[in-house]
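Structural characterization, general
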Amino acid sequence: MKLTHVTLAALLLAATPALARPVAGVEVADTLSAEGKSLKCNGAGIRKKFVVKVYVGALYLEESSTDAAAIVKADSVKVMKLSFLREVDKGKLMGAFKEGFEKNAASKAAALLPHLDKVAAAIGDAKAGTVLTVSYVPGKGTTIAMQGSGSATIEGKDFADAIFLSWLGPKPADDGLKTELLAGK
């Protein structure tokens, strides 16, 4: 079972990029391949906390869209890649996921928050240059994989919805990043 998660994480992290564009010095691939699907970069931007640049986020979808609710609702493969521009310790990462759940999926947060313990056990601190990949695959669930660390897979779509709402919901972590992710390019 654990080998399956490692294999899935390796496939997702080794997704085949095609063409790229720079965002804050990070090359963001225009497409990537995941689970046999060709995903398009829907948009990419910088996550800022106050004025500090934290990471470059890129959202990959099967079909481009500018509708946040439709993206979250879609039961299709989707990937969010975070390329860290600075160090962020695991505690702050987990706190950000928890805050995103509470702000954007409050009615389900209590049931979903315990799954974050599984994620916390699998990942480490992010260093500048570390890539964290959040992938949803219908029928398999959401895999959170950190380059140089581990991965965890949470079954079911509710967890995926809550985590993607952290970036695309009514109270996202960063409004500017949400706008860029929804560019539909």
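Placed above this text is the structure.
Note on numbering: residues in each chain are counted from 1, in written sequence order. Local features in a predicted model are, by the rule used here, given only for residues with pLDDT of at least 70; side-chain atom pairs are given and counted only at 80 or more, and totals for whole chains, interfaces and linings are based on all residues. Only hydrogens and water are set aside; all other atoms, that is, all heavy atoms of the structure, feed into the side-chain values.

On to helix α5 (residues 115-122), then. Residue exposure (1.4 Å probe, protein chains only): buried if accessible area is under 20% of the type maximum, exposed if over 50%, otherwise partly exposed. Where helices and strands are cited, they refer to DSSP runs of H or I of at least four residues and of E of at least two residues respectively, numbered from the N terminus. Turning to α5, its buried residues number three or more, namely Leu116, Val119, Ala120 and Ala122. The arc that holds the buried residues of α5, viewed along the axis, is 165°, so those residues lie on one side. Structural note: α5 exposes Asp117 and Ala121 on the side pointing more than 90 degrees away from its buried face. Contacts are assigned to residue pairs that have any heavy atoms within 4.5 Å of one another. Tucked into the core, α5 has its buried residues touching α3 (90-104), α4 (106-112), β7 (141-146), β8 (151-154) and α6 (157-168). Summarising the geometry, the arc corresponds to the directions from the helix axis toward the C-beta atoms.

Turning to the side chain of Thr130, a few remarks are in order. Structurally, Thr130 can be placed in the loop between α5 and β6 (131-137). With relative accessibility at 9%, the residue Thr130 sits in the buried group. The residues touching Thr130, leaving out its near neighbours within four places in the chain, are Leu82, Ser83, Phe84, Met146 and Gln147.

Before going further, it helps to examine a nonpolar patch on the surface. Exposure above 30% relative accessible area and the lack of any salt bridge qualify a residue for a patch; like charges then connect within 9 Å, and the nonpolar side chains Val, Leu, Ile, Met, Phe, Trp and Tyr within 5 Å. All accessible-area figures derive from a Shrake-Rupley calculation using a 1.4 Å probe, and residue coverage is judged against the displayed protein chains alone. Take a side-chain nitrogen of Lys or Arg and a carboxyl oxygen of Asp or Glu: if they are within 4 Å of each other, that pair is a salt bridge. The grouping of Phe50, Val51 and Val52 at the surface amounts to a nonpolar patch, some 380 Å² of accessible area in total. Relative to the helices and strands, Val51 is located in the loop between β3 (37-49) and β4 (52-61). Judged by relative accessible area, Val51 falls into the exposed class, the value being 75%.

The next point concerns the pattern of salt bridges. Counted by the stated rule, this structure contains seven salt bridges. In this structure, Asp30 and Arg21 form a salt bridge, with 3.1 Å as the shortest nitrogen-oxygen distance. On the accessibility criterion, Arg21 (25% relative accessible area) is partly exposed. For Lys108, the salt bridge goes to Asp158, with nearest N and O atoms at 3.3 Å. Note that Lys108 is positioned in helix α4 and Asp158 in helix α6, a separation of 50 residues in sequence. We classify Lys108 as partly exposed; its relative accessible area is 34%. In this structure Asp158 comes out as partly exposed when scored by relative accessible area, which is 40%.

For Phe, Tyr and Trp, rings pair up if their centres lie within 6.5 Å, where Trp contributes its six-membered ring, and each pair is then called stacked (planes under 30 degrees apart), edge-to-face (over 60) or tilted (otherwise). Counting across every chain of the model gives three aromatic pairs. Here the aromatic rings of Phe101 and Phe159 are separated by 5.4 Å at their centres, their planes lie at 80°, and the arrangement is edge-to-face. Of this pair, Phe101 sits in helix α3 while Phe159 sits in helix α6, placing them 58 residues apart in sequence. Each member of the pair, Phe101 as well as Phe159, is classed as buried. Their ring planes at 70° and their centres at 6.0 Å tell us that Phe164 and Trp167 sit as a pair that is edge-to-face. Residue Phe164 and its partner Trp167 are both found in helix α6; the two are separated by three residues, about one turn of the helix. For Phe164, a relative accessible area of 1% gives the class buried.

Turning next to the packing of α3 against α6. Axis angles are defined between N-to-C directions and span 0 to 180 degrees, where every axis is a line fitted to C-alpha atoms and, for a helix, only to the segment in contact. Interhelical geometry of α3 versus α6 gives an angle of 95° and a closest axis separation of 8 Å. Between α3 and α6, the crossing angle belongs to the class labelled roughly perpendicular. The residues of α6 that touch α3, namely those facing Phe97, Gly100, Phe101 and Asn104, are Phe159, Ala162, Ile163, Leu165, Ser166 and Trp167. Gly is put with the polar residues, along with every residue not named as nonpolar or charged; the nonpolar set is Ala, Val, Leu, Ile, Met, Phe, Trp, Tyr, Cys and Pro, and the charged set is Asp, Glu, Lys and Arg. Of the residues assigned to the contact of α3 with α6, the class counts are seven nonpolar, three polar and no charged. Comment on the angle field: the value is read as roughly parallel under 35 degrees, roughly antiparallel over 145, roughly perpendicular from 65 to 115, and oblique elsewhere.

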